[in-house]
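Coordinate inspection notes
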Amino acid sequence: MAQFLSEEWIEKAKAVRQEYEGKGGAPAHVMKMNLNVKGCPDGIGSYGVLEAHMDTTGGDVEMDQGHMESPDLTVTLPYEVAQAILVDGNPQAGMQAFMAGKIKVQGDMTKLMAMQQGTPDPAAAEIAAKIKEITAD
């Protein structure tokens, strides 16, 4: 198990995603999103902020560190909220944090909203379960 968003966790999460590459349905919505995760524990990110991105334009969900040029949107959110959404599979935590002003969105917010309304396929559910398994509490 590894700490959420640590180098070790990112590599393990990439391996899980690669294991399922091409096995699930295409993402319901195509987008390029940059993420700024704030309040990260020591050793994660730079000065407590991890820059990452998600890209679904290739037919699979690709996530990695660093920002992409010309994203559709950029989301800035707290570490705990990112973990609740990405590991615990709790989209309500994201909605509550957004309504409380803890999540900032720049760009095409409709793409983010559309992504949350999609129903995950069985492969996505398996990926989520494996990601949760590799994450230390």
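1. Some thoughts on the pattern of salt bridges
Across all of its chains, the model carries five salt bridges by this definition. K14 is the partner of E11 in a salt bridge, and the nearest nitrogen-oxygen pair spans 3.5 Å. Pair noted here: E11 and K14 are both in helix α1 (residues 7-19), with a separation of three residues, about one helical turn. For E11, a relative accessible area of 45% translates into the label partly exposed. For K14, a relative accessible area of 22% translates into the label partly exposed. We note a salt bridge from D64 to K14, for which the minimum N-O separation is 3.1 Å. Of this pair, D64 sits in strand β3 (residues 62-65) while K14 sits in helix α1, and the two are 50 residues apart along the sequence. For D64, a relative accessible area of 29% corresponds to the partly exposed category.

2. Quick word on the packing of aromatic side chains
Scanning the model with the defined rule gives two aromatic pairs in all. Ring geometry for F4 and W9: centres 4.9 Å apart, planes at 80 degrees, overall edge-to-face. We classify W9 as buried; its relative accessible area is 8%. Under the relative-accessibility criterion, F4 is labelled buried at 1%. Sitting above the plane of the Y20 ring, K23 keeps its charged end 5.8 Å from the centroid.

3. Brief notes about the nonpolar core
Counting residues in hydrophobic clusters, the biggest one holds 32 residues, and the most contacted among them are L5, W9, M33, V37, V75, L77 and I131. Mapped onto this core, the elements with two or more residues apiece are α1, β1 (32-38), β2 (49-55), β4 (73-78), α2 (79-86) and α5 (122-134). Setting aside anything within four residues of it in sequence, one finds L77 in contact with L35, N36, V37, K38, A82, I85, K102 and I103.

4. Looking at the pairing of β2
Counting buried positions along β2 yields five of seven residues, so the element is predominantly enclosed. The pairing of β2 with β3 spans four bridges and is classified as antiparallel. Opposite A52, over in β3, you have Q65 as the bridge partner. Adjacent in sequence and paired antiparallel, β2 and β3 are bridged by six residues, among which G59 carries a positive phi angle near 100 degrees.

5. Some words on unusual backbone geometry
Residues apart from glycine generally show negative phi values, whereas peptide bonds are mostly found in trans. In this structure, Y47 is a non-glycine residue whose phi angle is positive, near 55 degrees. Residue placement: Y47 occurs in the loop between β1 and β2. We classify Y47 as exposed; its relative accessible area is 85%. Even without a glycine there, the phi angle at S70 is positive, about 55 degrees. Counting through the fold element by element, S70 comes out in the loop between β3 and β4.

Reading the values: the criteria
- Residues numbered from 1 in each chain as written.
- Predicted model: local features only at pLDDT ≥ 70, side-chain atom pairs only at ≥ 80, totals over all residues.
- Heavy atoms only, no water.
- Salt bridge = Lys/Arg side-chain N within 4 Å of Asp/Glu carboxyl O.
- Helix = DSSP H or I, 4+ residues; strand = E, 2+ residues; numbered from the N terminus.
- Buried < 20%, exposed > 50% of the residue type's maximum accessible area, 1.4 Å probe, protein only.
- Phe/Tyr/Trp six-rings, centres within 6.5 Å; stacked < 30°, edge-to-face > 60°.
- Lys NZ or Arg CZ within 6 Å of the ring centre and 35° of its normal.
- Core = buried A, V, L, I, M, F, W, Y, C linked by side-chain atoms within 4.5 Å.
- Contact = heavy atoms within 4.5 Å.
- Pairing = 2+ DSSP bridges.

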